[in-house]
Structures are given as C-alpha cells and as structure tokens.
Amino acid sequence: MTDILIVDDEKDIRELISDILQDEGFATRLAANSDEAMGHINTEQPALMILDIWLKDSQMDGIDILKSVKRDYPDVPVVIISGHGNIEIAVAAIKQGAYDFIEKPFNIDQLMVVIRRAMETSRLRRENVALKRKDGPSATMVGEGAAFRTLKSQLEKVTKSNGRVMLTGAPGAGKEIAARHIHANSNRVDGPFVCVNSAAIEPDRMEEVLFGRESAERGVEPGLLEQADGGVVFFDEVADMPLGTQSKILRVLVDQQFQRVGGADKVRVDIRVISSTTRDLRAEIDAGTFRQELYHRLNVVPIHVPSLEDRREDIPLLARHFIEEFNKNQGLPLREIGTEADALLQTMVWPGNVRQLKNVIERVLILGPSSGAITARDLPNAEESVDEGRVVLSGSLATLPLREARELFEREYLLTQINRFSGNISRTAAFVGMERSALHRKLKSLGVVTSNKSGTRVAQLESQSGTES
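Residues numbered from 1 in each chain as written. Predicted model: local features only at pLDDT ≥ 70, side-chain atom pairs only at ≥ 80, totals over all residues. Heavy atoms only, no water.

Caption draft 1: Spatial organisation of the overall build of the protein chain. Helix and strand counts for the protein chain stand at 21 helices and 18 strands. Relative to its length of 469 residues, the protein chain is extended, with a C-alpha radius of gyration of 30 Å against a globular reference of 23 Å. Principal axes of the C-alpha set define a box for the protein chain whose edges measure 100 × 55 × 35 Å. Counting every position in the protein chain, which comprises 469 residues, the buried fraction comes to 45%. In the protein chain, the share of contacts with a sequence separation of at least 24, taken over all contacts with a separation of at least 6, comes to 68%. (Helix = DSSP H or I, 4+ residues; strand = E, 2+ residues; numbered from the N terminus. Rg over C-alpha atoms; globule rule 2.2 N^0.38 Å. Buried < 20%, exposed > 50% of the residue type's maximum accessible area, 1.4 Å probe, protein only. Contact = heavy atoms within 4.5 Å.)

See the structure below:
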C-alpha cells in the first residue's frame with residue numbers, strides 16, 4: 001500500500017500522470033481497462049487510485065470500479081477524473097465514496113494538491129483508527145494465583161489459532177480483557193479489535209450496526225463486521241443478540257461474507273470471532289432465545305474467566321496495577337497500599353468483580369489524600385466495621401452466648417483468611433499466628449475443609465462440601 005494506481009483508457013493521459021507523480025517521488029502502476037485495474041487492486045492494495053469514469057472496451061465503468069473498491073477496500077482514497085464532467089457525475093462519484101472529482105483537461109497543480117490531500121487524509125484516518133485501538137481497555141492481564149495461571153494457560157493455547165472462543169464468567173470478571181489478550185498475542189495483532197456490545201445496541205438497529213448499509217442518499221456506510229476485516233470481532237453478551245440477527249451471523253460464520261442493509265453486493269471479510277456471556281446458553285437454547293446451531297459454531301473453545309472471589313490472592317496485585325494505570329492515564333496520586341488495607345480488600349465481597357475493584361481504587365485515589373499509604377479507613381464502608389480499633393458486632397453475633405459467638409467468629413474468620421490465601425494453609429497459619437498442625441486441628445473441630453474450585457483451593461463448611469458434586 002505504497003503506490004498510486006492510475007486507471008485511464010487513454011495511454012497518453014495515464015503515462016503523463018505517471019511521469020508527473022514519479023517526478024514528485026511517488027511510485028505508480030498503470031491500467032487501461034477494468035480487468036487490469038481489478039487485477040492490480042486484488043494483487044496489492046494501492047495507497048490511492050486515480051480513476052477515469054469512461055473506460056473503453058471495459059466490462060466495468062469508473063463508477064462500477066469505485067463501488068467495488070469502496071466495498072472491499074474502503075480505506076483506499078479514489079480521485080475521479082473525466083473529460084465529460086458534469087455536476088451529476090461528480091455528485092454520483094462523491095456519494096459512492098470518491099475523495100474528489102477533477103474534470104479533464106486538468107491543471108497539474110490542482111491534481112497534485114488533491115492527491116496530496118487525499119494521501120494525507122488517508123494517512124490520518126489510519127492513524128486515528130490505530131490510536132482508537134490503543135485507547136481501548138488494556139490487554140494487560142495481572143495475577144499470580146492458581147486460578148489466574150489456569151486461565152492464562154488456556155488463553156495462550158488459543159492465541160495462535162483462528163478458532164472461535166467462548167468466554168464465560170460473572171459480570172466484571174474480565175472477559176473483554178481476556179479477549180483483547182488473545183488478539184494482542186495473535187497473528188492478527190496488527191488488525192482491528194472490534195467490540196460488539198450486544199446488550200447496548202437497539203434490536204431494530206442491530207443489523208445496520210453489524211452489516212452496515214447502502215442508500216442512494218448516503219452511499220456506503222460500513223458496519224462493525226466490515227470494520228473488523230483482518231482482525232477480531234468480539235461479541236460481548238452474545239445472548240442479547242436478537243434471534244433474527246443470530247441466523248444471519250451464523251451464515252457469516254459459514255461463508256465469511258454478507259450483504260449490507262439495502263445493498264445487493266456480497267461483502268467478503270476475514271474475521272476471527274470471540275464471544276462472551278454471563279448467562280447459561282444451554283438454558284437460553286431450551287427457552288428458545290438462542291439458536292443451537294450458533295452456540296455450537298461459537299463454542300468451539302470454551303474458557304471460563306474466574307470471578308474475583310476465586311482470585312482473592314490476586315487482589316493486591318490488581319489494586320497496585322490500577323493505581324499505576326490511574327497515575328499514568330489520569331494523573332491520580334501514586335499511593336502505596338497499607339497491610340491492613342490489603343487484608344480488607346482481600347476479605348471484602350466483590351459482586352462486581354474486577355470492574356468493581358477498579359472503581360473502588362479510582363474512588364479512593366480521587367477522594368483520598370494525595371500522599372501516604374492507603375489505609376483500611378480509606379476504603380468504602382470501612383468505618384462501618386472499624387471504630388478506634390473496636391470491631392462492631394453484627395446483630396446476630398451480639399445475641400449469641402460467648403461460646404457460640406466465639407465458634408461462629410473463628411469459623412468465619414478462618415474461612416475468610418484461607419480463601420484470602422487461595423487455600424494455602426501454611427500462609428494462613430503464618431498470618432493468623434498459629435502452628436500449622438494447630439490450625440489443621442482447629443479447622444477440623446470447626447468443620448472447615450478445603451477443595452478445588454476454578455483451578456484454586458477454597459475453604460468451605462464440611463456440610464456444604466458434601467452437598468456439592
């Protein structure tokens with residue numbers, strides 16, 4: 001994509017333009033008819049096209065070639081030239097996506113001004129697209145725990161393939177980050193990553209957004225699938241996609257082509273598909289809201305993204321990563337996290353998962369002091385549980401006799417600490433100040449056991465363990 005393709009049936013004209021452009025330092029290719037032009041384009045995409053509207057002895061005229069180029073190579077600017085210029089032809093060319101229209105005989109200086117502007121516009125458009133891709137959520141994955149290592153290992157296995165991946169997990173667990181990690185480490189890294197938020201698109205607009213549209217008034221408007229050509233399209237919350245659209249997406253997956261809304265031509269694309277869902281798609285299939293054929297097409301490689309509850313060991317690492325991100329991107333204070341704050345973050349309930357943790361860190365950095373370590377008191381609702389070193393009892397605990405209250409407290413406290421350290425008894429014993437053997441005896445007396453879940457060990461009551469399969 002470094003040269004200019006000149007298409008004109010008049011040999012003198014195309015060679016004159018070529019000589020002028022070469023004098024200005026541009027490389028050129030020449031075509032006398034539509035077959036030669038399309039052959040050049042399909043062999044290697046040019047940086048710009050100079051295209052005559054009227055082509056003798058050609059199967060396609062300039063407008064037909066323009067339509068084809070803007071359909072398959074929308075980033076290539078096309079400058080139309082014609083010796084039969086009139087306002088209707090100029091308007092038709094511009095509507096079909098031409099950058100500009102110049103009438104023969106043309107002024108050389110005028111032609112060069114238009115070409116330079118078209119090349120610059122094309123360059124800026126490509127840079128803008130690249131910057132937008134970089135401005136998206138980071139593809140950096142942070143963690144060290146067993147559940148994270150299992151996830152990372154599964155992702156690494158699919159990065160170099162072209163297989164479709166279905167990411168499952170709770171809201172906010174990091175499914176989009178996992179999808180971006182696959183893209184960033186694949187052979188499509190230089191291609192686009194296009195996110196389709198199925199839940200955020202109005203059902204009656206879904207097909208226009210995905211497939212684009214064509215109209216006499218507005219010409220060609222590429223959709224998200226076309227924008228993802230050569231890269232990855234990520235269907236976030238795919239269960240929210242309307243049934244009618246599901247059947248058309250199924251056809252795209254089979255044929256790798258589609259028609260724009262209002263268009264008649266087939267648009268061919270080369271895309272890799274990654275999907276995500278927080279719902280049970282098999283239940284959606286039984287309810288008739290999700291197509292079984294589409295499920296099997298998308299669910300080639302299923303990967304579960306664990307919730308933050310299953311990654312408590314990673315919470316301090318994630319919190320520090322977010323602090324660095326907010327400092328770099330928003331100029332928020334680069335603060336440390338105190339030991340007590342670390343412990344509290346690891347024991348808090350996170351229904352919003354990683355997304356909620358990120359929001360909490362941002363709030364603390366915005367509302368808190370600009371220096372000093374983050375303490376437990378800086379965290380949301382911390383004041384409700386700590387008051388000058390005193391633990392405020394919940395109503396149920398305060399009504400129990402001492403022996404029962406102590407047993408309940410010890411059970412909940414040890415469950416929390418073991419899960420905080422991902423089932424590691426040695427680290428738990430060191431933190432709570434007990435010998436490992438003594439801790440084992442205490443856990444047995446309290447009916448606390450550990451078992452594997454999502455690639456890591458978690459603590460639970462023996463009665464709960466017995467009811468799970």
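Caption draft 2: Here's a closer look at the packing of helix α13 (residues 315–330) against helix α14 (residues 339–347). The contact between α13 and α14 brings their axes to 9 Å, and the two run at 110°. Considered as vectors, α13 and α14 are oriented roughly perpendicular to each other. Of the two possible hands of crossing, α13 and α14 adopt the one that is right-handed. Where α13 approaches α14, its residues Ile 315, Pro 316, Ala 319 and Arg 320 are matched on the opposing element by Asp 342, Leu 345 and Gln 346. Per-class residue counts for the contact of α13 with α14 are four nonpolar, one polar and two charged. (Axes fitted to C-alpha atoms, helices over the stretch in contact; angles between N-to-C directions. Parallel < 35°, antiparallel > 145°, perpendicular 65-115°, else oblique. Left-handed = near helix turned anticlockwise from the far one by under 90°. Nonpolar A, V, L, I, M, F, W, Y, C, P; charged D, E, K, R; others polar.)

Caption draft 3: Local environment of the nonpolar core. By size, the foremost hydrophobic cluster in this structure holds 31 residues, and its most contacted members are Leu 225, Phe 235 and Ile 249. Residue assignment for this core shows that the elements contributing at least two residues are β7 (193–197), α8 (206–211), α9 (224–227), β10 (232–236), α10 (243–255), α11 (281–286) and α12 (292–298). In contact with Phe 235, other than residues within four places in its own chain, are Val 196, Leu 210, Leu 225, Met 241, Ile 249, Val 273, Ile 274, Ser 275 and Ser 276. (Core = buried A, V, L, I, M, F, W, Y, C linked by side-chain atoms within 4.5 Å.)

Caption draft 4: The environment of Gln 110, seen in detail. One can find Gln 110 in helix α5 (residues 108–134). Relative accessible area serves as the criterion here: at 40%, Gln 110 is assigned to the partly exposed category. Counting along the chain gives 83 residues from Gln 110 to Phe 193, while the straight-line C-alpha distance between them is 38 Å.

Caption draft 5: Broad picture of the environment of Arg 251. Tracing the backbone through its elements, the reader meets Arg 251 in helix α10. Placed 43 residues apart in sequence, Arg 251 and Leu 294 show a C-alpha to C-alpha distance of 9.3 Å.

Caption draft 6: Looking closely at the packing of aromatic side chains. Following the criterion strictly, the structure yields four aromatic pairs and no others. With a centroid separation of 5.6 Å and 20° between ring planes, the pair formed by Phe 409 and Tyr 413 is classed as stacked. On the criterion of helical spacing, the pair formed by Phe 409 and Tyr 413 is a turn pair, its members being four residues apart in helix α18 (residues 402–420). We classify Tyr 413 as partly exposed; its relative accessible area is 30%. (Phe/Tyr/Trp six-rings, centres within 6.5 Å; stacked < 30°, edge-to-face > 60°.)

Caption draft 7: Layout of the packing of helix α2 (residues 34–43) against helix α3 (residues 62–72). Contact geometry of α2 with α3 gives a least axis separation of 11 Å together with a crossing angle of 15°. In this view, α2 runs roughly parallel relative to α3, as classed from their interaxial angle. Both α2 and α3 take part in a crossing whose hand is right-handed. Contacts from Ser 34, Ala 37, Met 38 and Ile 41 in α2 reach Ile 65, Ser 68 and Val 69 in α3. Each residue belonging to the contact of α2 with α3 can be placed in one class, and the counts come to five nonpolar, two polar and no charged.

Caption draft 8: Examining the sheet that holds strand β3 (residues 48–52) more closely. Strand order in the open sheet formed by five strands is β2-β1-β3-β4-β5, with parallel pairing between adjacent strands. One side of each edge strand has no neighbouring strand; the edge strands of this open sheet are β2 (27–31) and β5 (100–103). The average angle at which neighbouring strand axes cross in this sheet is 20°, direction not considered. For strand β4 (residues 78–82) and β5, the ladder comprises four bridges, and the chain directions are parallel. Note on β5: the bridge partner recorded for Ile 80 is Phe 101. Sitting on the sheet, helix α1 (residues 11–23) touches β1 (3–7), β2, β3 and β4, and the angle it makes with β2 is about 175°. Strands β1, β2 and β3 of the sheet are contacted by α2, whose axis makes an angle of about 140° with β2. (Pairing = 2+ DSSP bridges.)

Caption draft 9: Spatial organisation of a nonpolar patch on the surface. A cluster of nonpolar side chains, Phe 409, Tyr 413 and Phe 431, forms an exposed patch at the surface whose accessible area comes to about 280 Å². With a relative accessible area of 46%, Phe 409 lands in the partly exposed category. (Patch = residues over 30% accessible without salt bridge, like charges linked within 9 Å, V, L, I, M, F, W, Y side chains within 5 Å. Areas by Shrake-Rupley, 256 points an atom, 1.4 Å probe, with all protein chains shown as cover. Salt bridge = Lys/Arg side-chain N within 4 Å of Asp/Glu carboxyl O.)

Caption draft 10: Up close: the pattern of salt bridges. Overall, the coordinates contain 23 salt bridges when judged by the stated rule. For the salt bridge of Arg 29 with Asp 3, the shortest nitrogen-to-oxygen distance reads 2.7 Å. Taken together, the residues span a long stretch of sequence, with Arg 29 in strand β2 and Asp 3 in strand β1 at a distance of 26 residues. Measuring nitrogen to oxygen at the nearest pair gives 2.8 Å for the salt bridge that ties Arg 188 to Asp 270. Placement of Arg 188 in the loop between α7 (175–184) and β7 and of Asp 270 in the loop between β12 (266–268) and β13 (272–277) is noted, with a sequence separation of 82 residues between them. Assessed through its relative accessible area of 38%, Asp 270 is described here as partly exposed. What you see here is one network of salt bridges that share partners, running through Asp 8, Glu 10, Asp 52 and Lys 104.

Caption draft 11: Geometry of α13. Here α13 spans 21 Å end to end across 16 residues, near enough to the 22 Å set by a 1.5 Å rise per residue. Among all positions in α13, only Ile 315, Pro 316, Leu 318, Ala 319, His 321, Phe 322, Ile 323, Glu 325 and Phe 326 are buried. Residues of α13 that are buried sit in contact with α14 and α15 (353–367). Just beyond α13, the residue with positive phi is Gly 331, at close to 75°. (Expected span 1.5 Å × (residues − 1).)

Caption draft 12: Geometry of the environment of Leu 414. In this fold, Leu 414 is placed in helix α18. Between the C-alpha atoms of Leu 414 and Leu 443, which are 29 residues apart in sequence, the distance is 7.9 Å. Apart from the residues lying within four places of it in its own chain, the contact partners of Leu 414 are Val 432, Leu 439, Lys 442, Leu 443 and Leu 446.

Caption draft 13: Spotlight on the confidence of the model for the protein chain. Residues at a pLDDT of 70 or more form 90% of the protein chain, whose mean pLDDT is 86. At the level of individual helices and strands, the protein chain shows its lowest average pLDDT in strand β15 (residues 386–387), which scores 44, and its highest in strand β6 (residues 165–168), which scores 97. Here residues 383–390 is modelled with pLDDT under 50, and outside its nearest four sequence neighbours on either side it reaches nine contacts, counting other chains as well. (pLDDT = per-residue confidence, 0-100.)

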